[in-house]
Amino acid sequence: YADPPAGGYFRVNVQIKNTGTAAATINNIFLDTRPYNAYPNVGQSGLMGQTLAIGQTTQNAWIRLPSGGTWSSGNTVAITIETAAGRQYPNMVVLP
């Protein structure tokens, strides 16, 4: 889910649980099919490089998107998390 913009940014809170049969490392984040770091002023915390053991869930992970321009209230952003094994897990978030 996303928080309303504050200080010029949306904060998209991300919770990922490893329901697989092996540890999983988050290798990349895609926003609308592009790597998150291809966008200026986009940030993240608790995701990139995070290794989740079987059954483990991320804690306090988020993606920061600048409000206005590419991302505005009411827009939908496609967020895809990619693991080091190359598996992708997409989700859509509507910005408040």
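Residues numbered from 1 in each chain as written. Predicted model: local features only at pLDDT ≥ 70, side-chain atom pairs only at ≥ 80, totals over all residues. Heavy atoms only, no water.

Asker: What's the story with unusual backbone geometry in this structure? I'm lost.
Answerer: If a residue is not glycine, its phi is most likely negative; likewise, a peptide bond is most likely trans. The phi torsion at D32 lies on the positive side, around 50 degrees, for a residue other than glycine. Mapped onto the elements of the fold, D32 is located in the loop between β3 (24-31) and β4 (34-35). One non-glycine residue, T33, adopts positive backbone phi at about 75 degrees. Among the structural elements, T33 can be located in the loop between β3 and β4. The exposure class assigned to T33 is exposed, which follows from its relative accessible area of 71%. (Helix = DSSP H or I, 4+ residues; strand = E, 2+ residues; numbered from the N terminus. Buried < 20%, exposed > 50% of the residue type's maximum accessible area, 1.4 Å probe, protein only.)

Asker: Would you mind going over the side chain of E82 with me for this structure?
Answerer: If you trace the backbone, E82 turns up in strand β8 (residues 76-83). Summary of buried charges: E82 has no salt-bridge partner, and the nearest side chain of opposite charge, R87, is 11 Å away. Here Q88 takes part through its side chain, which lies 2.9 Å from a polar atom of the side chain of E82. Filtering out sequence-adjacent residues up to four positions away, E82 remains in contact with T25, I26, N27, N28, F30, R87 and Q88. (Lys, Arg positive; Asp, Glu negative; His and termini not counted. Salt bridge = Lys/Arg side-chain N within 4 Å of Asp/Glu carboxyl O. Polar contact = N/O pair within 3.5 Å; in protein donor to acceptor, adjacent residues only side chain to side chain. Contact = heavy atoms within 4.5 Å.)

Asker: I tried to follow the sheet that holds strand β7 (residues 61-66) on my own but got confused; where do I start?
Answerer: Consider a sheet: its strands pair through backbone hydrogen bonds, and that pairing is either parallel or antiparallel. One open sheet holds the 4 strands; their spatial order is β1-β2-β7-β5, and the pairing between them is antiparallel. The sheet is open, and its two borders are formed by β1 (2-6) and β5 (43-45), each paired with just one other strand. On average, each strand axis in the sheet is tilted by 20 degrees relative to the strand beside it, whichever way the strands run. In the sheet, strand β2 (residues 9-14) pairs with β7 via 6 bridges, with the strands oriented antiparallel. Bridged to N13 within β7 is W62. (Pairing = 2+ DSSP bridges. Axes fitted to C-alpha atoms, helices over the stretch in contact; angles between N-to-C directions.)

Asker: Where do I start with the pairing of β7 in this structure?
Answerer: Side chains on a regular strand alternate between the two faces of the sheet. In this structure, β5 lies alongside β7, joined through 3 bridges in antiparallel fashion. Its bridge partner being in β7, G43 is matched across the sheet by R64.

Asker: Explanation requested: the environment of T70 in the structure shown.
Answerer: Locating T70 in the fold gives a position in the loop between β7 and β8. When the C-alpha atoms of T70 and K17 are compared, they prove to be 28 Å apart, with 53 residues separating the residues in sequence. The contact partners of T70, leaving out residues within four places of it in the chain, are Y39 and N75.

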